[in-house]
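Listed here are the chains, written in short residue letters.
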Amino acid sequence: MNNLDTVLLQSREAFLQYRTRSGMAKANFLEAIASEIEALGDPLIQKAMEETNLPEVRLIGERGRTCNQLRQFASMVREGSWVEARIDTALPDRQPLPKPDLRKMMVPLGPVVVFGASNFPFAYSTAGVDTASALAAGCSVVLKAHPAHPETSAMVAGAISKAIRACGEHAHVFQHVQDSSFEAGKFLVQHPLTKAVGFTGSFSGGKALYDYATSRPEPIPVFAEMGSINPVFILPGALKVRAAKVAEMYAASITQGVGQFCTNPGLMLSIQSPELSSFTQQLATKIREVAPATMLHPGIANNFIKNRGKALKEKGVTLVAESSVPAKSNQGIPTVASVNAEDFLKNPALVEEVFGPYSLLVISKSREELFKALDAIPGQLTATIIGEDDELVDYADFIQRVSDRVGRVIINGVPTGVEVCPAMHHGGPFPATTDSRFTSVGIDAAKRWVRPVSFQNFPHGLLPAELQNQNPLGIWRMVNNTWTK
Ligand code: NAP
C-alpha cells in the first residue's frame, strides 16, 4: 500500500495549496472540468455504453447532469456566500464583561476519499457530485474508481487532469486510484491524512467504510448513501378515480433504468379494496409488457437474481407478475410481488433492498394497519403519497409521520428522477445514509466537506477575505445579527 500512502501525502500537499484558492479560481477550475468532459465527445459515451450497458440517451443525459452540477458548484463558489460568514464585532465597554471580536465561516476539512458508484458512471463517479462538491469546498480528492467502468473513469480523470493543467492547480488536487480490492478502500479510509469519505453503493459497503472511519484513532465523517426502498403509499380515494394511471406510472418507475436507481420504488403500500385489486391487475399487465434488460455488471445482475429469489420465498410473499419476455443472462426481470401487512410486519427481511426492477405491494386490512406498516420501515431517501386533495388533508398526521423518516416526500409523483437544484434533498435517516443532515444532490452537498471555525480577536490582515470588514468579495454576511452585503 506504499503507493496509496504516497497518494495521501500528495493529496495533503495539494490541499494545503488548494484551500487558499479564491472562489473565482475554484469556479474557473470546476467549469474547466465540465468543458474538458464535454470535449471528450462521443468516445466517452461509447466507452460508458460498453462498460455499463446503459443506453446512449441515458448516458448523454447523465453527462449533461454531471457538467451542470460542476457549473452549479462553480456559480456557488464564485458568488461566495455559501461559506456562511458571521461577524460579531467587539464591544470592549460591555458590562460586566467586554465582548471579543468573533468571526466565523466554513473551512474545508482536508483530503476527501470518494468511492465512485456503479449505477451512475458520470453523475456519482469520477467527476460526479462527491468530487465536484469536495473541490468546490476547497478539499483535495482521492477518487477510488468503481471497477465496473474503469476506462470510462480513466477518461474522465484525464479530463480533470487537463483542467488542472489549464488552470494551474496543484497536480495532485485530484488523484485517480484504480485498485479493486477492499483492502485498498480500507487503507484509504483509515489513512490518518484522510479527513472525510463519500460513498454511494450497497448497505454492506457503506456500513463497512463507516465502521472503518469511526474506529480510527481519529474518527472522520463518512457520507455513505446506501440502500433505499422508497415506499409509496397509495391512498384509497386515488385508486377510486385513477387506478389505471397510477399503475402505468409505477410500472414505468419500477422498471426505469432496469430498476438500478437508489430512488427505485421497491415498496408500495395500500389498503385492501376492489379498487386495489383492479390496480394490482393493471400493474401486472403493464409489468408483463416490459422486457428484461441487461444490468450494469454481472455482479449486480447476480445479486438481483439472488435477492429477488430470496424475497419471493419469504413467508406470505406471492408473485403478482413478471415480464412475459424470457430473460437472457445478466438481465433484470421486471417483477412485482405482494404480501399482506400482517406477514410484512413480522418479517424485517421484507424491507431489504432488492436492487433492480422489483417492487413489493403490501396490502393492509385497515388504515390502522397501514400506519403500523409505516412504523416497520427504516430510514429512506424518499417516500411518496398518492392521494386525492381531500384525503391528503385527512391523512395530514400520517404524512407528517412519513416525513419523519425520509429525506424527500413526494405527493402524486414517482420517486425516480432527481432534480438537481438547491431545494433538492437527497439523503435520509439511517440506513438510507450514514448522516441524514446532508444531501448528495444540489449545491448544499458541499456542506459535507466543511466545518465551521471561529476567529477570535484576529489581526485584521490575517482574517480570510470573507471575514474582513470591507467585504472585498461583496458576499452576503450576517454582521452583528443583520444580513448585509
Ligand atoms: P458496492 O459493492 O457497495 O461497492 C462500491 C464500492 O465500495 C466499490 O469500490 C467497492 O470496492 C467498495 N467496497 C464495498 N465494500 C467494501 C468493503 N467492505 N471494504 C472496502 N471497500 C468496499 O456497490 P456496487 O459494486 O456498485 O454494487 C453491489 C450492490 O450494491 C448492488 O447489487 C446493489 O445491491 C447495491 N447498490 C445500491 C445502490 C443504491 O443506490 N442503493 C447503488 C449501487 C449499488 P471494490 O472496488 O474493491 O469492489
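For the structure itself, look to the data block above.
These figures come from a predicted structure and were not determined experimentally.

Here is what the cut-offs are and how they apply
- Residues numbered from 1 in each chain as written.
- Predicted model: local features only at pLDDT ≥ 70, side-chain atom pairs only at ≥ 80, totals over all residues.
- Heavy atoms only, no water.
- Helix = DSSP H or I, 4+ residues; strand = E, 2+ residues; numbered from the N terminus.
- Near = heavy atom within 4 Å.
- Polar contact = N/O pair within 3.5 Å; in protein donor to acceptor, adjacent residues only side chain to side chain.
- Areas by Shrake-Rupley, 256 points an atom, 1.4 Å probe, with all protein chains shown as cover.
- Nonpolar A, V, L, I, M, F, W, Y, C, P; charged D, E, K, R; others polar.
- Domains from an automatic or database assignment.
- Pairing = 2+ DSSP bridges.
- Axes fitted to C-alpha atoms, helices over the stretch in contact; angles between N-to-C directions.
- Core = buried A, V, L, I, M, F, W, Y, C linked by side-chain atoms within 4.5 Å.
- Buried < 20%, exposed > 50% of the residue type's maximum accessible area, 1.4 Å probe, protein only.
- Contact = heavy atoms within 4.5 Å.
- Parallel < 35°, antiparallel > 145°, perpendicular 65-115°, else oblique.
- Left-handed = near helix turned anticlockwise from the far one by under 90°.

A. Region of interest: unusual backbone geometry. In this chain, Q95 is followed by P96 through a cis amide linkage whose omega measures 0°. Mapping P96 onto the fold places it in the loop between β1 (86–88) and β2 (102–108). Cis peptide bonds are those with omega within 30 degrees of zero, and the linkage from F430 to P431 qualifies with 10°. When you line up the elements, P431 lands in the loop between β16 (406–411) and β17 (450–456). In this structure, N53 is a non-glycine residue whose phi angle is positive, near 65°. Residue placement: N53 occurs in the loop between α3 (41–52) and α4 (56–79). Residue E84 is not a glycine yet carries a positive backbone phi of 55°. Residue position: E84 is located in the loop between α4 and β1.

B. How the structure looks around the site of the ligand. Around the ligand, 24 residues are found, and the nearest of them are S118, K144, H146, S202 and N303. Taking H146, its side chain carries an N or O atom lying 2.9 Å from an oxygen atom of the ligand. For the ligand, the accessible surface in isolation is 870 Å², of which the surrounding protein chains cover 89%. The leading source of residues in the shell around the ligand is helix α8 (residues 203–214), at four residues. For the shell around the ligand, the residue count by class is eleven nonpolar, eleven polar and two charged. No fewer than three residues from each of domain 1 (2–226 + 436–484) and domain 2 (232–411) sit in the shell around the ligand.

C. Focus on the sheet that holds strand β19 (residues 482–484). Spatially, the five strands line up as an open sheet ordered β17-β2-β1-β18-β19, and their pairing is mixed. Taken across any chain shown, the strands that pair with only one partner, and hence form the sheet edges, are β17 and β19. Along the sheet, successive strands turn relative to each other by an average axial angle of 25°, direction set aside.

D. Looking closely at the nonpolar core. Judged by nonpolar contacts, the single largest core of 106 residues is most densely connected at I33, I37, F73, F233, F344, L360 and F398. No fewer than three residues from each of domain 1 (2–226 + 436–484) and domain 2 (232–411) sit in this core. Setting aside residues no more than four positions away along its own chain, F73 makes contact with L30, V129, A132, S133, A136, G442, I443, A445 and A446. Formed by 21 residues, the second largest nonpolar core is a distinct cluster that contains V232, I234, L239 and I386.

E. Representation of the pairing of strand β6 (residues 196–200) within the structure. Where burial is concerned, most of β6 is hidden: five out of the five residues are buried. Every second residue of β6 is oriented toward a common face, with A196, G198 and T200 on one face and V197 and F199 on the other, all of them buried. Across three bridges, strand β3 (residues 112–115) lies against β6 in parallel orientation. Across the sheet, the residue bridging to V114 is G198, located in β6. Here four bridges tie β6 to strand β7 (residues 222–225), and the two strands are oriented parallel to one another. Within the sheet, the bridge partner assigned to T200 lies in β7 and is E225.

F. Molecular detail of the packing of α3 against α4. Where α3 contacts α4, the two axes come as close as 10 Å, and the packing angle between them is 120°. With respect to α4, the element α3 is oriented oblique. The crossing of α3 and α4 is right-handed. Residues G41, D42, L44, I45, Q46, A48, M49 and T52 of α3 lie in contact with α4, whose contacting residues are E56, L59, I60 and R63.

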